[in-house]
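Examining the three-dimensional arrangement
Listed below, chain by chain, are the residues.
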Amino acid sequence: IQRLGQGGMGEVWLATASGHGGFTKTVVIKTLLPEYACDPLFIEMLANEARICAKLSHPNLIEVFDFTEHGGLYLLAMEHVTGRPLHHLMRAAKARNIAIPAWLALRIAWECCRGLEYAHAQGVIHCDLTPSNVMVTFTGITKILDFGVAHSMARGAKADRLKGKFSYIAPERVKSLATDCRTDIYSLGVMLYLVFTGQLPFTANSDAELLRKIVKTRPRPPGELAPVDPRIERLILRAMQPDPAKRYQNVGEVLAELTPCLEGQLGAY
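Here's what I pulled together on the structure shown here. (Residues numbered from 1 in each chain as written. Predicted model: local features only at pLDDT ≥ 70, side-chain atom pairs only at ≥ 80, totals over all residues. Heavy atoms only, no water.)

**Some remarks on the pairing of strand β8 (residues 134-137)**
- Where burial is concerned, the two faces of β8 agree: the one with V134 and V136 and the one with M135 and T137 are both buried.
- Note that strand β6 (residues 83-85) and β8 share three bridges and pair antiparallel. Bridge assignment links R84 to a residue of β8, and that residue is V136.
- The sheet contact formed by β8 and strand β9 (residues 142-144) spans three bridges and is antiparallel. Along β9, the bridge assignment pairs M135 with K143. (Buried < 20%, exposed > 50% of the residue type's maximum accessible area, 1.4 Å probe, protein only. Helix = DSSP H or I, 4+ residues; strand = E, 2+ residues; numbered from the N terminus. Pairing = 2+ DSSP bridges.)

**Here we look at the pattern of salt bridges**
- A complete count under the given rule lists 14 salt bridges for this structure.
- In this structure, the salt-bridge partner of E111 is R107, at a minimum N-O distance of 2.9 Å. With E111 and R107 both in helix α3 (residues 102-121), this residue pair falls four residues apart, about one helical turn.
- For E111, a relative accessible area of 3% corresponds to the buried category.
- The shortest N-O distance in the salt bridge between E253 and R238 comes to 3.6 Å. Of the two residues, E253 is situated in helix α8 (residues 251-268) and R238 in helix α7 (residues 230-239); the sequence distance between them amounts to 15 residues. (Salt bridge = Lys/Arg side-chain N within 4 Å of Asp/Glu carboxyl O.)

**Examining the sheet that holds strand β2 (residues 10-18)**
- Spatial ordering of the open sheet is given by β1-β2-β3-β5-β4, a layout of five strands whose pairing is antiparallel. Every other strand in the sheet has two partners, leaving β1 (2-6) and β4 (64-70) as the edge strands with one partner each. When strand polarity is set aside, the average angle formed by the axes of neighbouring strands in this sheet is 30°.
- Sheet topology places β1 next to β2; four bridges connect them, and they run antiparallel. Counted as the bridge partner of Q2 is L14 from β2. (Axes fitted to C-alpha atoms, helices over the stretch in contact; angles between N-to-C directions.)

**A look at the packing of α3 against helix α5 (residues 181-197)**
- With their axes 11 Å apart at the nearest point, α3 and α5 run at an angle of 170° to one another. Here α5 runs roughly antiparallel to α3, going by the angle between their axes. Contact with α3, carried on its side by A102, A105, L106, A109, C112, C113, L116 and H120, involves C181, D184, L188, M191, L192, V195 and F196 of α5 and no other residues of that element.
- Of the residues in the contact of α3 with α5, the class split is 13 nonpolar, one polar and one charged. (Parallel < 35°, antiparallel > 145°, perpendicular 65-115°, else oblique. Contact = heavy atoms within 4.5 Å. Nonpolar A, V, L, I, M, F, W, Y, C, P; charged D, E, K, R; others polar.)

**Digging into the packing of aromatic side chains**
- Scanning the entire structure with this criterion turns up two aromatic pairs.
- With a centroid separation of 4.1 Å and an interplanar angle of 20°, the aromatic rings of Y36 and F42 are classed as stacked.
- Residue classification places Y36 among the partly exposed positions, given a relative accessible area of 24%.
- Residue classification places F42 among the buried positions, given a relative accessible area of 17%.
- Plain terms: the ring middles of F67 and Y74 are 6.2 Å apart, the flat faces sit at 25° to each other, and that makes the pair stacked.
- Judged by relative accessible area, which is 27%, F67 ranks as partly exposed. (Phe/Tyr/Trp six-rings, centres within 6.5 Å; stacked < 30°, edge-to-face > 60°.)

**Some details on the nonpolar core**
- Counting residues in each nonpolar core, the largest one holds 69 residues, and the members touching the most others are L86, F147, L188, M191 and F196.
- For this core, the element with the highest residue contribution is α5, accounting for 10 residues.
- Every residue in contact with F147, bar those within four places of it in the chain, is listed here: E49, I52, C53, L56, L61, I62, V124 and H126.
- Among the nonpolar cores identified, the runner-up in size contains five residues, and A15, V27, L75 and A77 belong to it. (Core = buried A, V, L, I, M, F, W, Y, C linked by side-chain atoms within 4.5 Å.)

It is worth stressing that arrangement in space is one thing and function is another; only the former is reported here.
Take a look at the structure:
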């Protein structure tokens, strides 16, 4: 029907799936960019995304329906999620000079945690949790999108290369490509830091300098940049601990501290 967007290796399209008896369903199709469409490496990356997503079925994760080839074009078909990505909500709030309400930010994070907890139980690490990959639907459900750089723990403890948006990459991935559930927890912490302060914890003029800062420096406490509940600040800073051993060890631990914060904000609201 129309192109929805383009990324580093692929593009996504709005489409209609049709079947017998007048059956139709709106779906999203992900394809490789023309310059990569015949490259075996990129075809395998798209196929790997399909294999990983085939393991997953959870209300807070994007659902993939099919992976096929047509006329030499490889297609990944997934559900059409009607809503707005978190970074659009943040941009709209900034344009109006208001903050996203704490209860909403925590609710989005809580649902992300539910999805991540399930994915981790299936041996899947997302590796690219960012506001652009978190969709808030018009019915109020949060869904994690784009498992294009996801890593399967069944293949070992390390990814084959550094992938994902560098601002959200955990220090251990920079140093040794080590990847486990705690790397997604770090990315969640960065995302919350950005939502509550309006700033990324680390910025730089080059990727190399940014990665050096992530490994070598500590972020300013969120409370120094914006009014943040001390409990939320502690949660963010623990999730972003540079030493994975000092971070939350699994998403269940994050939920145990996030849930009371959310309930407190809802009560105040």
